[in-house]
Amino acid sequence: MSTEPLPHGLWPEGYALVVLDEVDSTMAEARRRAPALDRPTWIMARRQSNAKGRRGRTWLGGDGNLAATLVYKPWCTPAQAANRSFMVANALFESLALYIDRSALSLKWPNDVLLNGGKVAGILLESASSTGPLVDWLSIGIGVNLSKAPHDLRTEFAPVSLAGEGGEVVAPEEFLHVLAGHFATQELKLGTWGFPRIREDWLANAARLGEIVTARTATREITGVFETVDQAGNLILRVEGREVLIPAADVYF
Ligand SMILES: O=C(O)CCCC[C@@H]1SC[C@@H]2NC(=O)N[C@@H]21
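Reading guide: rules and limits
Residues numbered from 1 in each chain as written. Predicted model: local features only at pLDDT ≥ 70, side-chain atom pairs only at ≥ 80, totals over all residues. Heavy atoms only, no water. Helix = DSSP H or I, 4+ residues; strand = E, 2+ residues; numbered from the N terminus. Buried < 20%, exposed > 50% of the residue type's maximum accessible area, 1.4 Å probe, protein only. Contact = heavy atoms within 4.5 Å. Axes fitted to C-alpha atoms, helices over the stretch in contact; angles between N-to-C directions. Parallel < 35°, antiparallel > 145°, perpendicular 65-115°, else oblique. Nonpolar A, V, L, I, M, F, W, Y, C, P; charged D, E, K, R; others polar. Pairing = 2+ DSSP bridges. Salt bridge = Lys/Arg side-chain N within 4 Å of Asp/Glu carboxyl O. Core = buried A, V, L, I, M, F, W, Y, C linked by side-chain atoms within 4.5 Å. Domains from an automatic or database assignment.

**With respect to the overall build of the protein**
In terms of regular secondary structure, the protein is built from five helices and 12 strands. Projecting the C-alpha coordinates of the protein onto the three principal axes gives extents of approximately 55 × 45 × 30 Å. Counting the 253 residues in the protein, one finds 53% classified as buried. Restricting the contact set of the protein to residue pairs at least 6 apart, pairs at least 24 apart contribute 64%.

**Here we look at the packing of helix α4 (residues 172–193) against helix α5 (residues 195–204)**
Helix-helix packing is characterised by the crossing angle of the two axes and by the distance between the axes. At a minimum axis separation of 7 Å, α4 and α5 run at an interaxial angle of 130 degrees. Accordingly, the angle class assigned to the pair α4 and α5 is oblique. Within the contact between the two elements, α4 uses Q186, K189, L190 and W193 and α5 uses F195, P196, R197, I198 and D201. The residue inventory of the contact of α4 with α5, partitioned by class, reads five nonpolar, one polar and three charged.

**So, the pairing of strand β3 (residues 66–72)**
Counted residue by residue, β3 has seven buried out of seven residues, so it is predominantly covered. Burial along β3 is two-sided: the residues L66, A68, L70 and Y72 and A67, T69 and V71 are all buried. Sheet topology places strand β2 (residues 41–48) next to β3; four bridges connect them, and they run antiparallel. By the bridge assignment, M44 is partnered in β3 with A68. Pairing between β3 and strand β7 (residues 137–144): seven bridges, direction antiparallel. Counterpart to A68 in the pairing with β7 is I142.

**Comments concerning the pattern of salt bridges**
Evaluated as defined, the whole model comprises 21 salt bridges. Where R33 meets E29, a salt bridge forms, and the shortest distance between an N and an O atom there is 2.8 Å. Of this pair, R33 and E29 both sit in helix α1 (residues 26–33), four residues apart, roughly one helical turn. R33 gets classed as partly exposed once you look at its relative accessible area, which sits at 26%. On the accessibility criterion, E29 (13% relative accessible area) is buried. Residues R216 and E221 are paired through a salt bridge, measuring 2.8 Å at the closest nitrogen-oxygen approach. When its relative accessible area of 32% is taken as the criterion, R216 is described as partly exposed.

**Things to note about the nonpolar core**
Considering soluble globular proteins, one finds that nonpolar side chains tend to be buried as a cluster. Membership of the largest hydrophobic core comes to 65 residues, with the highest contact counts inside it found for W42, L92, F175, F183 and W202. Broken down by element, this core gets its largest block of residues, eight residues, from helix α3 (residues 84–96). Two domains each put at least three residues into this core: domain 1 (16–203) and domain 2 (212–252).

**Considering the side chain of N205**
In this fold, N205 is placed in the loop between α5 and β8 (212–216). Excluding its chain neighbours within four sequence positions, the residues that come into contact with N205 are F93, E94, S106 and L107.

**Regarding the environment of V88**
For V88, the location among the structural elements is in helix α3. According to the relative accessible area criterion, V88 is buried, its value standing at 1%. Residues V88 and R39 lie 49 residues apart in sequence; the distance between their C-alpha atoms is 18 Å. Ignoring sequence-local partners within four residues, the contact set of V88 consists of I123, I140, I142 and F183.

And the structure:
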């Protein structure tokens with residue numbers, strides 16, 4: 001295990017870094033560390049034996065891809081914590097844009113990053129609340145296909161990798177340094193201007209804004225024009241002249 005940031009000055013102040021050769025899941029490691037946490041901590045693993053994706057799926061990683069979790073104690077409610085996914089998406093967008101033409105990248109609501117229309121990165125949020133209105137801790141798990149796209153036939157957004165789409169080859173540890181810096185900037189923006197600014201940044205890079213998309217929830221499928229994301233992070237579709245607010249769904253187009 002190493003705990004030292006790379007020595008190139010990119011690492012944001014106040015954040016700790018833990019690099020593990022192997023772990024079950026960086027989410028599980030974050031859960032184990034959360035109670036004793038004294039500062040925001042990025043946990044990166046070179047290999048995960050039991051990596052988790054959204055909706056209880058398995059996450060297929062691979063050598064040379066980034067698997068990391070940021071665990072910290074933001075002073076916020078569960079709803080505010082959930083909006084951190086837009087901040088990570090923004091940070092991922094800006095980080096990836098250093099290695100490939102930004103016009104090839106887009107953000108899919110609520111929390112995927114697409115590259116040439118395929119999924120290059122996924123985000124998984126987990127938080128714990130015991131008593132009171134604030135979360136005890138939040139962990140943000142991030143998987144980025146930097147070098148390899150796993151074969152995954154379960155998704156309509158076929159996995160792609162940065163290298164496979166002609167991007168620069170970048171090592172996971174270097175990419176994490178860049179990402180951690182961009183995420184710290186997002187936290188500063190949140191503290192200074194609030195969520196409206198985060199939302200604005202996200203919408204500027206949103207996939208299919210103003211176009212017809214389908215949102216699939218646990219119980220129904222709604223097709224409409226992707227109008228916007230509101231100040232609470234909900235997806236807003238225009239369906240037969242009316243606005244429909246969707247708090248959680250998978251989006252297809
Ligand atoms: O399904 C998704 O799109 C989210 C995938 C999140 C995967 C990452 S890899 C690092 C962290 N550890 C995990 O077990 N999952 C997340």
